[in-house]
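Listed here are the chains, written in short residue letters.
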Amino acid sequence: NYPPYLTNDAMTYLVERKVKHLMVDFPSVDKMYDEGQLTNHRLFWNVNPSENHLNEKSTSNKTITEMVYVKDEIKDGFYLCNLQIPEINTDAVPSRPILYPLIRD
């Protein structure tokens, strides 16, 4: 009865594949009750578990968008995503992903 989340192995896999913008349709990539560790967020941005700030190895140019809603009418396929992010200097901001279908010739 807990919301879904990613395992640390799954997040490590995505990091190794150099994913820069991750969008999920569930509340958080981390467990609901993880005592504030946010291990998957830290793995994604390469932040040490004991620190609360970025370091020289952190990857701050990456994004995680949680609670993405895509209508059932949207067909599977290839899309260009315009991920609109407001310029607010904080650790979390709302985003507005807009999908544009890519048409093959």
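To start, this report covers the structure provided alongside it.

What counts and what doesn't
- Residues numbered from 1 in each chain as written.
- Predicted model: local features only at pLDDT ≥ 70, side-chain atom pairs only at ≥ 80, totals over all residues.
- Heavy atoms only, no water.
- Core = buried A, V, L, I, M, F, W, Y, C linked by side-chain atoms within 4.5 Å.
- Buried < 20%, exposed > 50% of the residue type's maximum accessible area, 1.4 Å probe, protein only.
- Contact = heavy atoms within 4.5 Å.
- Patch = residues over 30% accessible without salt bridge, like charges linked within 9 Å, V, L, I, M, F, W, Y side chains within 5 Å.
- Areas by Shrake-Rupley, 256 points an atom, 1.4 Å probe, with all protein chains shown as cover.
- Salt bridge = Lys/Arg side-chain N within 4 Å of Asp/Glu carboxyl O.
- Helix = DSSP H or I, 4+ residues; strand = E, 2+ residues; numbered from the N terminus.
- Lys, Arg positive; Asp, Glu negative; His and termini not counted.

### Let's talk about the nonpolar core
Argument step 1. In this structure, Leu6, Met11, Leu14, Leu22, Val24, Phe26, Val29, Phe44 and Ile64 together form the largest nonpolar core, which totals nine residues.
Argument step 2. Non-local contacts of leucine 22, meaning those with residues more than four positions away in its chain, are made with Leu6, Met11, Leu14, Val29, Phe44, Thr63, Ile64 and Thr65.

### Quick notes on a nonpolar patch on the surface
Argument step 1. Residues Val70, Ile74, Tyr79 and Leu99 make up a contiguous nonpolar surface patch of about 300 Å² in total accessible area.
Argument step 2. Positionally, tyrosine 79 belongs in strand 3 (residues 79-84).
Argument step 3. Residue tyrosine 79 is classed as partly exposed on the basis of its relative accessible area, which comes to 30%.

### Comments concerning unusual backbone geometry
Argument step 1. In this structure, lysine 18 takes a positive phi of about 60 degrees despite not being glycine.
Argument step 2. Classification of lysine 18 as exposed rests on a relative accessible area of 68%.

### Considerations on the side chain of arginine 42
Argument step 1. Within the secondary structure layout, arginine 42 lies in helix 2 (residues 39-45).
Argument step 2. The charged side chain of arginine 42 is buried without a salt bridge, its nearest counter-charge being glutamate 51 at 7.1 Å.
Argument step 3. For arginine 42, the contacting residues outside a window of four places in its chain are Gln37, Val47, Asn48, Pro49, Glu51 and Asn52.

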